[in-house]
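One-letter residues, chain by chain:
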Amino acid sequence: MENINWSGLSFGYMKTDYNVRCYYRDGKWGELEISDSESITLHIASTCLHYGQEAFEGLKAFKGRDGKIRIFRMRENALRMQSSSRGILMAEFPVELFEEAVIEAVSRNRRFVPPYESGASLYIRPLLIGTSAQVGVNPSKEYLFIVFVTPVGPYFKTGFKPTPYLILRSYDRAAPQGTGNIKVGGNYAASLVAGEIAHQKGYSAVLYLDSKEKKYIDECGPANFFGIKNNTYITPDSNSVLPSITNRSLMTLAEEMGMKVERRPVPVSELAEFEEAGACGTAAVISPILRIDDPEENKSYVFSKDGTAGPASRRLYDRLRAIQYGDQEDRYGWVTVLQ
Ligand SMILES: *Cc1c(COP(=O)(O)O)cnc(C)c1O
């Protein structure tokens, strides 16, 4: 096989050997199919193309020091994809079949799971689209579920380093009673312009506020937000935040470490009180926040004076990674070890 520079990989797409597909027709799901093609054939009037009937997931597999491959919390992703499907009227993909498809996709692409030492991992991308032809606005009658995988590099190539975030009050990612709490492509389309502005100004991402009052913190474009103060892990409770599995895992680990955990509305003004802040999601686990600028209010909140991550963020990050790579006991049954 071609030589892959594992630790030089970015978060991008690389062709692997196989993907797994499943079709929903005549009111039921078919059998899992294995494909070596990177393409699909789609009707030009498919609902996914016109009306955004698309949901996706993101999870990872890791190779341990023992050579075993571990998949992190895939059942949670299966359940969340069902919730996304209910949110935009798509057929729900069965949880057991989802797990089977993920295991199949990882097993058949074993040679692409990066070695333990590289700090890289195998990113798993399930997606679900409406495929039947429809010109009027109606849900599709047919669906296609796909899982593909691609190796991705270690998120922190230069160490676990805090980066700056930007509040942009003139852009919203999701409406208060809209689709912010489900993982659909439309939310990402809605966030591209603001994200591009932030990147051009040198920020990692936008920190979104609640769309109605601009008074509370929602989340960072593709990751949840948390702050740390007085030995307490605090994360926003909001209808327009995507329920991050990483965030939920960190809340469990924070409690395990003797911290208090609060999930509640977090006013923007509270940023001034946090000792540490971070963005959390599958891609990075924790992306520590250096500083949050709020130019429209002429405010800036600093969370790291020396450019390094705070102790609580560091401890949470190390503990979660240790579970994912099999270095520490999987006390909560989060990991599926491949046979
Ligand atoms: C996927 C996603 C996250 C992170 O969720 P994880 O399950 O931790 O990967 C956070 N916010 C948004 C908007 C997302 O789409």
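Structure first, text after, so check above.
Since this is a predicted model, take the numbers as computed values, not measurements.

Some points on the overall build of the chain
Assigned secondary structure in the chain consists of six helices and 18 strands. Expected size for 339 residues packed as a compact globule is a radius of gyration near 20 Å; at 20 Å, the chain falls within 12% of this value. Seen through its principal axes, the chain has C-alpha atoms that stretch 55 × 50 × 35 Å. Counting only contacts in the chain whose residues sit at least 6 apart along the sequence, the fraction spanning at least 24 positions is 71%.

Some details on the site of the ligand
Residues in close proximity to the ligand total 15 residues, the closest being K183, Y188, S244, T246 and T282. Between an oxygen atom of the ligand and a side-chain N or O atom of R80, the distance comes to 2.8 Å. Within the side chain of T246, one N or O atom sits 2.6 Å away from an oxygen atom of the ligand. Protein contact buries 96% of the 380 Å² of open area that the ligand shows by itself. Considered class by class, the residues forming the shell around the ligand number five nonpolar, six polar and four charged.

Focus on the environment of D327
Relative to the helices and strands, D327 resides in the loop between helix 6 (311-324) and strand 18 (335-337). For D327, a relative accessible area of 36% gives the class partly exposed. Between the C-alpha atom of D327 and that of G64, which follows or precedes it by 263 residues, the distance is 7.3 Å. Dropping the residues within four chain positions of it, D327 is found in contact with R65, Y116 and A322. In terms of polar contacts, D327 uses its side chain to reach the side chain of Y116, at 2.7 Å.

Some remarks on the pattern of salt bridges
The tally for this structure, following the rule as stated, stands at 21 salt bridges. Close ionic contact of K229 with E270 constitutes a salt bridge, the shortest N to O distance being 2.8 Å. Residue K229 is located in strand 12 (residues 224-229), and its partner E270 is located in the loop between strand 14 (260-264) and strand 15 (276-281); the two are separated by 41 residues in the primary sequence. Here K229 and E270 have matching classes, each one buried. For D237, the salt bridge identified is with R263, shortest N-O distance 3.2 Å. Taken together, the positions of D237 in the loop between strand 13 (232-236) and helix 5 (245-256) and R263 in strand 14 put the pair 26 residues apart, joining distant regions of the chain. Note on D237: relative accessible area 37%, which makes it partly exposed. Where salt bridges share partners, they join K229, E262, R264, E270 and E273 into one cluster.

The rules behind the values
- Residues numbered from 1 in each chain as written.
- Predicted model: local features only at pLDDT ≥ 70, side-chain atom pairs only at ≥ 80, totals over all residues.
- Heavy atoms only, no water.
- Helix = DSSP H or I, 4+ residues; strand = E, 2+ residues; numbered from the N terminus.
- Rg over C-alpha atoms; globule rule 2.2 N^0.38 Å.
- Contact = heavy atoms within 4.5 Å.
- Near = heavy atom within 4 Å.
- Polar contact = N/O pair within 3.5 Å; in protein donor to acceptor, adjacent residues only side chain to side chain.
- Areas by Shrake-Rupley, 256 points an atom, 1.4 Å probe, with all protein chains shown as cover.
- Nonpolar A, V, L, I, M, F, W, Y, C, P; charged D, E, K, R; others polar.
- Buried < 20%, exposed > 50% of the residue type's maximum accessible area, 1.4 Å probe, protein only.
- Salt bridge = Lys/Arg side-chain N within 4 Å of Asp/Glu carboxyl O.

Shape is all these values report; function is a separate question.
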